[in-house]
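# Observations on the model geometry
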Amino acid sequence: MPELPEVETIVRSLRPHILGRKVSEIKVLLPKIIHTEGLGSTEDLIGQTITNIFRWGKNIVLEFSPNWYVRIHLKMTGQLLVSLPEEPIPKHTHVIFSLDGGKIEVRYRDIRQFGYIHIMTAGEWKKWRDGNFVGPDPLEISLPSFLARLAGKRGKIKSVLLNQAFLRGLGNIYVDEILHQAKIHPESSADHLSTEEATTLYQKMQQVLQAAIWHQGSSVSDYVDSSGKQGEYQYYHQVYGRANLPCRQCGTRIERIRVSGRSTCFCPKCQRRR
DNA sequence: AAAGATGTTGCAAC
DNA sequence: GGTTGCAACATCTT
């Protein structure tokens, strides 16, 4: 679920509640959620202060002064929820961080249990960050860099955009929305796009992501921010989740196909195959 | 009621 | 490099 706009919204909603607070206790209800590199455990975080929180692609990164980092990936159904300790613990809650002596809690909840919380040293974090697994941020990359990265890319444009090593943060919803805005067929070869098409793609990518952040993400099933609030960008979707409905641009029936194993919605008229 | 689908990603196999 | 299929798991839809 959570793609760049949702993760950004979660980080922004979490920040004022946790920044500068000290971890007093961590309850691990489902141990497999916690990942480490062998060194490090939840014990190492006790008594440490959260000095920073930021988004890295679809990852949420917490910085603890100054030795430890925690990287959280929500995968499909993960949630981070700010709660008071007396609030009932919802089903599928797997890890509970108590802050400031138990005045407030941050709870990790994940229905499908695909997500994880990775505890890393500063060195491990930097090694991961600078590895080749994650590309530039779609909102930070310049147009020339984007065009340069796209040049020589083989494969379908949808697969390229979903690849986190190409750009970090795009997922199934926003790739479909961006390609519709850019009027590009999801199965177009990346290396067949003209400079003009690639430029439009870049512009629409930034516009769609900015608009989605503005509307606090898309709640299509489980997504909520850290206060439990749903997003509203789903009301602006042009293609995602609209198979067999008329295109909002031209009225043509939206089609659903499978592209590199992912369900893909597009308008056959707005997004002509070339 | 069983089968298929669901926003992610890492891996194996080709 | 590129692709496909599958795995992790719970829940909802067909």
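Remember, it's a predicted structure, so these values are computed and weren't measured experimentally. (Residues numbered from 1 in each chain as written. Chains lettered and ligands numbered in written order. Predicted model: local features only at pLDDT ≥ 70, side-chain atom pairs only at ≥ 80, totals over all residues. Heavy atoms only, no water.)

The strand order across the open sheet built from five strands is 2-9-5-4-3, with neighbouring strands paired in mixed fashion. The sheet is open, and its two edges are formed by strand 2 (34-36) and strand 3 (50-56), each paired on a single side. Between one strand axis and the next, the sheet turns by 20 degrees as a mean value, whatever way the strands run. Across three bridges, strand 2 lies against strand 9 (residues 116-121) in parallel orientation. Directly across from threonine 36, in strand 9, lies its bridge partner isoleucine 119. Along the sheet face, helix 1 (residues 4-18) touches strand 3 and strand 4 (59-64) and points at about 170 degrees away from the line of strand 3. Sitting on the sheet, helix 2 (residues 122-129) is in contact with strand 3, strand 4, strand 5 (68-73) and strand 9, with an inclination near 115 degrees to strand 9. (Pairing = 2+ DSSP bridges. Helix = DSSP H or I, 4+ residues; strand = E, 2+ residues; numbered from the N terminus. Axes fitted to C-alpha atoms, helices over the stretch in contact; angles between N-to-C directions. Contact = heavy atoms within 4.5 Å.)

Now for the packing of helix 1 against helix 6 (residues 195-214). Taken N-terminus to C-terminus, the directions of helix 1 and helix 6 make an angle of 40 degrees; their axes are 9 Å apart at the nearest point. Judged by the angle between their axes, helix 1 and helix 6 are oblique. The hand of the helix 1/helix 6 crossing is right-handed. In this structure, helix 1 uses Leu4, Pro5, Glu8, Thr9 and Arg12 to contact helix 6, whose residues at the interface are Leu209, Ala212 and Ile213. Split into classes, the residues belonging to the contact of helix 1 with helix 6 amount to five nonpolar, one polar and two charged. (Parallel < 35°, antiparallel > 145°, perpendicular 65-115°, else oblique. Left-handed = near helix turned anticlockwise from the far one by under 90°. Nonpolar A, V, L, I, M, F, W, Y, C, P; charged D, E, K, R; others polar.)

Looking now at helix 2. Here helix 2 has its buried residues at Ala122, Glu124, Trp125 and Trp128. All buried residues of helix 2 fall inside an arc of 165 degrees around its axis, so they share one side. Of the surrounding elements, those touching the buried residues of helix 2 are strand 3, strand 4, strand 5 and strand 9. (Buried < 20%, exposed > 50% of the residue type's maximum accessible area, 1.4 Å probe, protein only. Arc of directions from axis to C-beta.)

Next up on the list: the protein's contact with DNA strand C. Near DNA strand C you find Lys32, Lys91, His92, Ile111, Arg112, Gln113, Phe114, Lys153, Arg154, Gly155, Lys156 and Ser260, and these make up its full shell. Counting only the atoms of DNA strand C that lie within 4 Å of the protein, the sugar and phosphate share comes to 57%. The side chain of histidine 92 places a nitrogen or oxygen atom 2.7 Å from a phosphate oxygen of DNA strand C. For DNA strand C, a sugar or linking oxygen lies 3.4 Å from a polar atom in the backbone of isoleucine 111. Across the surface near DNA strand C, the residue classes break down as two nonpolar, four polar and six charged. (Near = heavy atom within 4 Å. Polar contact = N/O pair within 3.5 Å; in protein donor to acceptor, adjacent residues only side chain to side chain.)

The next point concerns the domain arrangement of chain A. What the domain assignment lists for chain A is domain 1 (4-129) and domain 2 (143-266). Taking only C-alpha atoms, the centre of domain 1 and the centre of domain 2 are 28 Å apart. In this complex, domain 1 contributes 18 residues to the contact, which on the side of domain 2 involves 18 residues. Together, the buried faces of domain 1 and domain 2 total about 1,600 Å²; carbon and sulfur atoms form 62% of this surface. Where domain 1 packs against domain 2, one counts zero salt bridges. For the side of domain 1 that touches domain 2, the elements supplying multiple residues, two or more each, are helix 1 and strand 6 (78-83). Looking at the side of domain 1 that touches domain 2 residue by residue, the classes come out as nine nonpolar, five polar and four charged. (Domains from an automatic or database assignment. Buried area = accessible area lost by both parts, 1.4 Å probe. Salt bridge = Lys/Arg side-chain N within 4 Å of Asp/Glu carboxyl O.)

Here helix 1 spans 21 Å end to end across 15 residues, near enough to the 21 Å set by a 1.5 Å rise per residue. Burial runs high along helix 1: eleven of the 15 residues are buried. Looking one or two places after helix 1, you find glycine 20, whose phi comes out positive at around 80 degrees. (Expected span 1.5 Å × (residues − 1).)

Running from N to C, helix 3 (residues 143-150) and helix 6 point in directions that differ by 120 degrees, and their axes come no closer than 10 Å. Compared by their axis directions, helix 3 and helix 6 come out oblique. The hand of the helix 3/helix 6 crossing is right-handed. Contact with helix 3, carried on its side by Leu143, Phe146, Leu147 and Leu150, involves Thr195, Ala198, Thr199, Leu201, Tyr202 and Met205 of helix 6 and no other residues of that element. Split by residue class, the contact of helix 3 with helix 6 holds eight nonpolar, two polar and no charged.

A few words on the nonpolar core. Membership of the largest hydrophobic core comes to 30 residues, with the highest contact counts inside it found for Ile60, Ile72, Leu80 and Ile117. Other than its neighbours up to four places away in sequence, isoleucine 72 contacts Lys58, Asn59, Ile60, Leu62, Leu80, Tyr108, Tyr116 and Ile117. Grouped together as the second largest cluster of nonpolar side chains are 29 residues, Leu4, Ile157, Leu201 and Met205 included. (Core = buried A, V, L, I, M, F, W, Y, C linked by side-chain atoms within 4.5 Å.)

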